[in-house]
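Observations on chain architecture
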Amino acid sequence: MLDPTIIFDTSDPLESPLTDEVLREVEAQLGRKLPAAYVDLARQHNGGLLARNAHPSPSRTSWSANYVAVYTLAAIGRTAPFSLCGELGNAFWITEWGYPDIGIYIADCPSAGHDMIALDYRSPGAPTVVHVDQEWNYQITVLAPDFETFLDGLVDETNFDGDD
């Protein structure tokens, strides 16, 4: 697991550190068990702006030829607007923006809602991490086989050529 001080851009998390009670309530509301790596990270730093704000993509997206920009990781909770069960959480993206109900939307991108990062629970086992591109008819691109691998793959956006 990566050190939260190198993952997040600020020392201010979106929500208080995660408690067992909040975790049970959020998982019950979402109807899914969250990956252990996501839970472990939230116990240390619960959501916020990412310092490593890009992830390689195996194919072109509406954002770039070879990566997706990632802005904020959602907190596990419901009090912050961009927490999993908050005002701008998982249900908002599915009901208001028409994103496919494939799992849990965990991170937003700088496009202000035109693409998102999700945990995809459609296959058995640990959820994959995917990019869902609203601009391209909700195209789904697998970024990582699991959440921990996704975190390990985050890099600074300056690692990519911005002229795509």
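Up top is the structure.
Below is a short write-up of the structure. Because the structure is a prediction, the values reported are computed rather than measured. (Residues numbered from 1 in each chain as written. Predicted model: local features only at pLDDT ≥ 70, side-chain atom pairs only at ≥ 80, totals over all residues. Heavy atoms only, no water.)

As for the overall build of the chain
Looking only at helices and strands, one finds five helices and eight strands in the chain. Moving toward the C terminus, one meets the helices and strands of the chain in the order α-α-α-β-β-β-β-α-β-β-β-β-α. Taken over the C-alpha trace, the chain has a radius of gyration of 15 Å; the compact-globule value for 164 residues is 15 Å, and the two agree within 12%. Every one of the 164 residues in the chain was classed for burial, and the buried ones make up 48%. Put simply, of all contacts in the chain between residues at least 6 apart along the chain, 57% involve residues at least 24 apart. If you sum the accessible surface of the chain, you get close to 7600 Å²; carbon and sulfur atoms cover 50% of it. (Helix = DSSP H or I, 4+ residues; strand = E, 2+ residues; numbered from the N terminus. Rg over C-alpha atoms; globule rule 2.2 N^0.38 Å. Buried < 20%, exposed > 50% of the residue type's maximum accessible area, 1.4 Å probe, protein only. Contact = heavy atoms within 4.5 Å. Areas by Shrake-Rupley, 256 points an atom, 1.4 Å probe, with all protein chains shown as cover.)

Here we look at the pairing of strand β5 (residues 103-108)
For β5, the tally of buried residues reaches six of six residues, placing the bulk of the element in the interior. The sheet contact formed by strand β4 (residues 72-73) and β5 spans two bridges and is antiparallel. Looking at β5, one finds that T72 is bridged to D108. Pairing of β5 with strand β6 (residues 115-120) involves five bridges; the strand directions are antiparallel. The residue of β6 that forms the bridge with Y105 is A118. (Pairing = 2+ DSSP bridges.)

A short note on the side chain of D115
Relative to the elements of secondary structure, D115 occurs in strand β6. Within the structure, the side chain of D115 is placed 2.3 Å from the side chain of S111, a separation counted as a polar contact. At 2.7 Å, the side chain of D115 and the side chain of H131 are in polar contact. Beyond its immediate sequence surroundings of up to four residues, D115 is in contact with W63, Y99, C109, H131, V132, D133 and Q134. (Polar contact = N/O pair within 3.5 Å; in protein donor to acceptor, adjacent residues only side chain to side chain.)

Some words on helix α2 (residues 20-30)
Among the residues of α2, L23, V26, E27 and L30 are the ones counted as buried. The arc enclosing the buried residues of α2, seen along the axis, measures out at 95°, which places them on a common side. More than 90 degrees from the buried face of α2, the exposed residues found are R24 and A28. Packing partners of the buried residues in α2 comprise α3 (36-44), α4 (90-95) and β5. Where α2 terminates, the next one or two residues include G31, which has phi positive at roughly 75°. (Arc of directions from axis to C-beta.)

Interpretation in functional terms is not warranted from these geometric data alone.
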